[in-house]
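Structural characterization, general
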Amino acid sequence: MSEKSKYVGVLGCGTMGVGIAIVSARAGFNTIVIDTQQSALDQAAAFADKFFAKSVKKGKMSAQQKDEIMGEKLTWSMNYDALDKCSFVIEAVFEDLEVKQKVFSQANESCPKETIFATNTSTLSITSIAAGSGRPEQVIGMHFCLPAQVMKLVEVTRGLQTSDDTFNRTVEFGETLGQVLVNTKERPGFILNHFIVAFNNDCIRAYENGLASVEDIDKAVKHGLGYPMGPFELLDYIGMDTQLRVSLALFNQIHDHSFYPPPLVKRMVDAGFLGRKTGRGFYKYGESGMFGT
Ligand SMILES: NC(=O)c1ccc[n+]([C@@H]2O[C@H](COP(=O)([O-])OP(=O)(O)OC[C@H]3O[C@@H](n4cnc5c(N)ncnc54)[C@H](O)[C@@H]3O)[C@@H](O)[C@H]2O)c1
């Protein structure tokens, strides 16, 4: 791999962006993380430091490797000009078409002409995002799963104008990151959200209808279906605000009622019970006990 292709940009360092930045830096790429909020950059840097400290403790990397990643490989900036050496830019900003078009248009000004722009969108059209980029043939979907630093799957999706060269370089890049890639058509929800959003909404409806407690539905799904996490544990990671947004986005495109968010989702958002990020969702964090059972 050439020196130039060793730089990766990550736009947005919220829940997904920080995980993607960890994956990139861990795979040896110089990773430039851009966000519009200094507080988001500070939080992400602290999260990455804690994550790599745990990796050292578990014997997955040496303390020296961690110091090299945190001291040299990962850099944090609010300035898009810092992307000037990147061969790949992955955006993980808000799920909003205008915002995504804007960040790619800004990156287009700062990046070399061969740079590929990958979007982590869950529900938007790759073709529509590409329309604002100034280089639509070099825009592609790379949908990482939550938490990106742990989950291996990446769904790779071509827009209408994505070139073969972009697709091939993306597959090579994704494999270098150590991820497992699947190829999906440009359809709302791709593969994973098509199943999981409807499934999670079904579980919430079952709980609302009094079928069983949050804890018992989680137990049943884990021990009966072999899922690593129960739906409510997963929802607390995803965030109820995200569940609401993604459910509505899919329902408005697919018009299938299984995607429609049950009333409890909106009530929990209104109450600020978003999940782990607010300390309370279906479960409480920092203390034991469950909400609503
Ligand atoms: N949360 C999930 O479960 C999940 C899973 C897979 C994919 N996704 C997708 O990943 C993307 C990000 O989701 P998230 O949950 O990490 O969001 P988030 O709200 O946690 O983070 C978004 C970050 O983007 C930053 N940002 C906003 N505008 C920006 C700009 N112009 N330039 C740079 N940074 C900017 C924000 O400050 C924030 O830190 C979305 O497209 C979402 O659909 C989310």
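Residues numbered from 1 in each chain as written. Predicted model: local features only at pLDDT ≥ 70, side-chain atom pairs only at ≥ 80, totals over all residues. Heavy atoms only, no water.

The next subject is the state of the cysteines. Considering all chains together, one arrives at zero disulfides under this definition. Unpaired in terms of disulfides, C13 finds its nearest cysteine sulfur in C86, a separation of 15 Å. The buried category is assigned to C13, whose relative accessible area is 4%. Its sulfur unpaired, C111 is 5.8 Å from the next cysteine sulfur, which belongs to C86. On the basis of relative accessibility, which here comes to 9%, the residue C111 falls in the buried class. (Disulfide = S-S within 2.5 Å. Buried < 20%, exposed > 50% of the residue type's maximum accessible area, 1.4 Å probe, protein only.)

When the parts of a complex come together, some accessible area is lost, and that lost area is often taken as the interface size. Entries for the protein in the domain assignment read domain 1 (3-184) and domain 2 (196-278). Distance between the C-alpha centres of domain 1 and domain 2: 27 Å. (Domains from an automatic or database assignment.)

Interaxial distance between helix α8 (residues 214-225) and helix α9 (residues 231-238) falls to 7 Å at its minimum, and their mutual angle equals 105°. Between α8 and α9, the angle is such that the two are roughly perpendicular. Taking contact as the criterion, the partners of V214, I217, D218, V221 and K222 in α8 are, on α9, P231, F232 and E233. For the contact of α8 with α9, a count of residues per class yields five nonpolar, no polar and three charged. (Axes fitted to C-alpha atoms, helices over the stretch in contact; angles between N-to-C directions. Helix = DSSP H or I, 4+ residues; strand = E, 2+ residues; numbered from the N terminus. Parallel < 35°, antiparallel > 145°, perpendicular 65-115°, else oblique. Contact = heavy atoms within 4.5 Å. Nonpolar A, V, L, I, M, F, W, Y, C, P; charged D, E, K, R; others polar.)

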